[in-house]
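# Architecture at a glance
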Amino acid sequence: MTGTVKRIPARERILDTASELFAAHGLRGVGVDRIIAQSGVAKATLYAHFPSKDELAAAYLRQTDDSWRGKLRRAALAAGDDPREQLIGLFDAVSDAYHRHGFHGCPFINAAAESESGSAPNIETAKHKMRVRAWVRGMAEAAGAPDPDELALQITLLIDGTLAAGKLEQNPAMPAAAKAAAQALVEQMTPRA
């Protein structure tokens, strides 16, 4: 029996190819011609789906946002029902990302460094950071933090700092150090029931 090969839709192929390339080489390090060649589409097809490289980069960041926030949520939930433990447990996602083969740092921090203020990638990066902080703030509030905004700010700075430093140093102790710092913050800034 002969099987049929399922053809991946052009938009999905373009986005998958761009995502791989942007993650490995950055937004500026990848030209549209390379994305076209590797995804096997015509230039007109790429521009029919993504009117500009910035729009393609923004779509990549939206897809990455969904994936990363899902990983953070799963790690937090795996830590149990206590929001205090969830605030610490989310760092297991940071550790998993850091130890993944081919780790290139935080795609959002990388995109922010490479994009112009007000551009589509820059806007998507800012939205992502606000969504993560709002989610962490919700956990901080549920944990009883008197100042959930401050705790959320500190936790998200630990996440970002760990991912940014990981791109430079690749020191395997960093995620564990960030998790320990998060634990100290949570213990200091939330009451025990």
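The coordinates are above.
It should be emphasised that the depicted structure is a prediction, and the values quoted were computed from it without experimental measurement.

### A few points about empty space enclosed by the protein
Tallied over the entire structure, the rule returns two cavities of 30 Å³ or more. Its volume calculated, the largest cavity comes out at about 50 Å³. Residue lining of the largest cavity: W68, C106, H128, K129, V132, T156, I159, D160 and L163, and that is the complete set. At the level of elements, α8 (120-142) and α9 (148-169) are the ones that each hand at least two residues to the lining of the largest cavity. If you tally residues by element for the lining of the largest cavity, the top one is α9, at four residues. Its residues placed into classes, the lining of the largest cavity shows five nonpolar, two polar and two charged. Approximately 30 Å³ is the volume found for the second largest cavity. Every residue lining the second largest cavity is listed: R69, L72, R73, R131, V132 and W135. Contributing elements (two or more residues each) for the lining of the second largest cavity: α4 (53-78) and α8. Residues of the lining of the second largest cavity, tallied by class, amount to three nonpolar, no polar and three charged.

Parameters and conventions
Residues numbered from 1 in each chain as written. Predicted model: local features only at pLDDT ≥ 70, side-chain atom pairs only at ≥ 80, totals over all residues. Heavy atoms only, no water. 1 Å grid on protein atoms, 1.4 Å probe; cavity = no way out; pocket = protein on both sides within 12 Å on 5 of 7 lines; lining within 4 Å. Points joined across faces, edges and corners; volume = space filled by probe spheres on them. Helix = DSSP H or I, 4+ residues; strand = E, 2+ residues; numbered from the N terminus. Nonpolar A, V, L, I, M, F, W, Y, C, P; charged D, E, K, R; others polar.

The analysis is restricted to geometry; functional conclusions fall outside its scope.
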